[in-house]
Amino acid sequence: MTLFSLAFPLAAPFWALLILAPKWRWTSRIMASPWVPLLPLACYFALELPHFGEWGRAMLSPDLAVLRTLLATPWGAGLVWAHLIAFDLFIARWMYFEARAREISPWIVSPILVLTIFLSPFGLVVFLVVRAVRIRSLA
């Protein structure tokens, strides 16, 4: 299994807890750790470190052609994929705790989290709208 294909399976158990068992006491305990995204980030670091100089130069002076070339490599695509998986999980973790604090039903949040897995910017915007509506309803 490549690091590219390993990133999501490392995050999947956390997603399953957030979506399928949001009220289980262990879900809150496990997700309370800020280290939750560390597993997919391990893939990121394993892909990044051998290419640190090359990636660093590309990030210091962003150029579409250079970035396109790097992303076309197996390590470049895997690097960005692991980054997306880790940060989507980080956002989902925040959404989970924010929903609990605002008493937003898991019946509403779980489908938003599913959307977030596939299209995180859309999931985040939908959650922010739901959150804003909830805040206004409590005021």
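Everything below is about the structure printed above this text.
Below is a short write-up of the structure. Residue numbers here run from 1 along each chain, matching the order of that chain's written sequence. The predicted nature of this model means local features are confined to residues of pLDDT at least 70 and side-chain atom pairs, given and counted, to a pLDDT of 80 or more, with totals for whole chains, interfaces and linings taken over all residues. Excluding hydrogens and water, the side-chain figures rest on all heavy atoms present in the structure.

Concerning helix H3 (residues 38–48)
Part 1: Residue burial is assigned from relative accessible area. The probe radius is 1.4 Å, only protein chains are included, and a residue is buried under 20% of its type maximum, exposed over 50%, and partly exposed in between. Per the convention used, a helix needs a DSSP run of H or I reaching at least four residues, while a strand needs a run of E reaching at least two, with both numbered from the N terminus. All of the buried residues along H3 are Pro40, Leu41, Cys43, Tyr44, Leu47 and Glu48. The arc that holds the buried residues of H3, viewed along the axis, is 145 degrees, so those residues lie on one side.
Part 2: What makes two residues a contact is simply this: any of their non-hydrogen atoms within 4.5 Å. Contact partners of the buried residues in H3: helix H1 (3–20), helix H4 (52–60) and helix H6 (74–101). Along the arc lie the directions from the helix axis toward the C-beta atoms.

Some words on the packing of aromatic side chains
Part 1: Two rings from Phe, Tyr or Trp (for Trp, the six-membered ring) form a pair when their centres are within 6.5 Å of each other. A pair whose planes differ by under 30 degrees is stacked, one over 60 is edge-to-face, and the rest are tilted. Counted according to the given criterion, the structure contains 6 aromatic pairs.
Part 2: When the NZ atom of lysine or the CZ atom of arginine is within 6 Å of a ring's centre and also within 35 degrees of its normal, the charge is said to sit over that ring. The side chain of Arg29 reaches across the aromatic face of Trp26, ending 4.9 Å from its centre.

Side note on the packing of H4 against helix H5 (residues 64–71)
Part 1: Lines are fitted to the C-alpha atoms to define the axes, a helix being fitted only along its stretch in contact, and any angle between axes, read from their N-to-C directions, falls within 0 to 180 degrees. For the pair H4 and H5, the least separation of the axes is 9 Å and the interaxial angle reads 150 degrees. Considering the angle they form, H4 stands roughly antiparallel to H5. Here H4 and H5 pass one another in a crossing that is left-handed. On the side of H4, the interface is formed by Glu54, Trp55, Ala58 and Met59, while H5 contributes Val66, Leu67, Leu70 and Leu71.
Part 2: Ten residues, namely Ala, Val, Leu, Ile, Met, Phe, Trp, Tyr, Cys and Pro, are considered nonpolar, four, namely Asp, Glu, Lys and Arg, are considered charged, and the remaining ones, Gly among them, are considered polar. Of the residues belonging to the contact of H4 with H5, the class tally is 7 nonpolar, no polar and 1 charged. Each angle is binned into one of four classes, with values under 35 degrees roughly parallel, values over 145 roughly antiparallel, values of 65 to 115 roughly perpendicular, and all other values oblique. Note on convention: the crossing is left-handed when the near helix lies turned anticlockwise from the far helix by less than a right angle, right-handed when the turn is clockwise.

Overview of the side chain of Ser110
Part 1: Position of Ser110 relative to the elements: it lies in helix H7 (residues 106–118).
Part 2: On the basis of relative accessible area, Ser110 is assigned to the buried category, the value being 12%.
Part 3: Of note is the side chain of Ser110, whose polar atom sits 2.9 Å from the backbone oxygen of Ile19.
Part 4: In contact with Ser110, other than residues within four places in its own chain, are Leu18, Ile19 and Pro22. The definition of a polar contact used here is a pair of N or O atoms within 3.5 Å, where within protein one atom must be able to donate a hydrogen and the other to accept one, and adjacent residues in sequence count solely through side-chain atom pairs.

Overview of the pattern of salt bridges
Part 1: Should a side-chain nitrogen of Lys or Arg be within 4 Å of a carboxyl oxygen of Asp or Glu, the pair is scored as a salt bridge. Applying the stated criterion to the full structure yields 3 salt bridges.
Part 2: Note that Glu98 and Arg102 form a salt bridge whose closest N and O atoms lie 2.9 Å from each other.
Part 3: Note on Glu98: relative accessible area 13%, which makes it buried.
Part 4: A salt bridge links Glu103 to Arg134; the shortest N-O distance between them is 3.8 Å. In this pair, Glu103 is assigned in the loop between H6 and H7 and Arg134 in helix H8 (residues 120–138), connecting sequence segments 31 residues apart.

A short note on the environment of Leu20
Part 1: Checked against the element boundaries, Leu20 lands in helix H1.
Part 2: Judged by its relative accessible area of 72%, Leu20 is exposed.
Part 3: Spatially, the C-alpha atom of Leu20 lies 25 Å from that of Cys43, the residues being 23 residues apart in sequence.

Quick notes on a nonpolar patch on the surface
Part 1: Within the patch definition used here, like charges are joined within 9 Å and nonpolar side chains (Val, Leu, Ile, Met, Phe, Trp, Tyr) within 5 Å, considering only residues with over 30% relative accessible area and no salt bridge. Per-residue and other accessible areas were derived by the Shrake-Rupley procedure at a 1.4 Å probe size, with only the shown protein chains allowed to occlude residues. Judged by side-chain polarity, Phe4, Phe8, Trp81 and Leu84 come together as a nonpolar surface patch covering roughly 340 Å² of accessible area.
Part 2: Of all elements in the fold, only H1 and H6 reach the threshold of two or more residues within the nonpolar patch.
Part 3: Note that Phe8 resides in helix H1.

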